[in-house]
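# Secondary and tertiary structure notes
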Amino acid sequence: MAEHHTGPIETGAPMDYKEHEKTYNGFLLVARVGSAIIAALLIAMTAGFFGHAGLFGGFLIFVVLSIVGAFLAR
C-alpha cells in the first residue's frame, strides 16, 4: 500500500546554482527596467494630459525618461 522510503527527500538532479543566479539576476533586471518604464509612462501621461506638453511633448518626455530610467536601473 504505502511505500516507505529512507534517505534524503530530494533525489532529483543536482541544482545548477550558477544558472539559477543568472536567471534570478535577469528577472531582477527586467523588474527594475519595467518599473522605470512604467514610472516614465505615468509622468509623461501627467505632463501630456494635465500640463501644457501635449501629445508630442508627452511622448518626448516618455522617451527621454525611459532611456534615463533604463540606464539608471542597470
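Reading the values: rules and limits
Residues numbered from 1 in each chain as written. Predicted model: local features only at pLDDT ≥ 70, side-chain atom pairs only at ≥ 80, totals over all residues. Heavy atoms only, no water. Helix = DSSP H or I, 4+ residues; strand = E, 2+ residues; numbered from the N terminus. Buried < 20%, exposed > 50% of the residue type's maximum accessible area, 1.4 Å probe, protein only. Areas by Shrake-Rupley, 256 points an atom, 1.4 Å probe, with all protein chains shown as cover. Expected span 1.5 Å × (residues − 1). Contact = heavy atoms within 4.5 Å. UniProt positions renumbered as here; feature names shortened; annotations may be inferred.

## Focus: the overall build of the chain
A tally of regular secondary structure across the chain gives two helices and zero strands. The buried share of the chain, taken over its 74 residues, is 12%. By element, 72% of the accessible surface of the chain is carried by carbon and sulfur atoms, the whole surface being about 6600 Å².

## Considering helix 1 (residues 17-49)
The end-to-end C-alpha distance of helix 1, which contains 33 residues, comes to 48 Å, matching closely the 48 Å that a straight helix rising 1.5 Å per residue would cover. Turning to helix 1, its buried residues number three or more, namely Val 33, Ala 36, Ala 40, Ala 44 and Gly 48. Structurally, helix 1 contributes buried residues whose contacts are with helix 2 (54-73).

## Some details on the UniProt feature "transmembrane region" (unreviewed entry) in the chain
Under the UniProt annotation, the feature "transmembrane region" (unreviewed entry) is placed at residues 27-49 and 55-73. The span residues 27-49 is 100% helix and 0% strand, and its two end C-alpha atoms sit 32 Å from each other.

## Section: the environment of Leu 28
Tracing the chain through its elements places Leu 28 in helix 1. Expressed as a C-alpha distance, the spacing of Leu 28 and Ala 73, which sit 45 residues apart in the sequence, is 9.9 Å.

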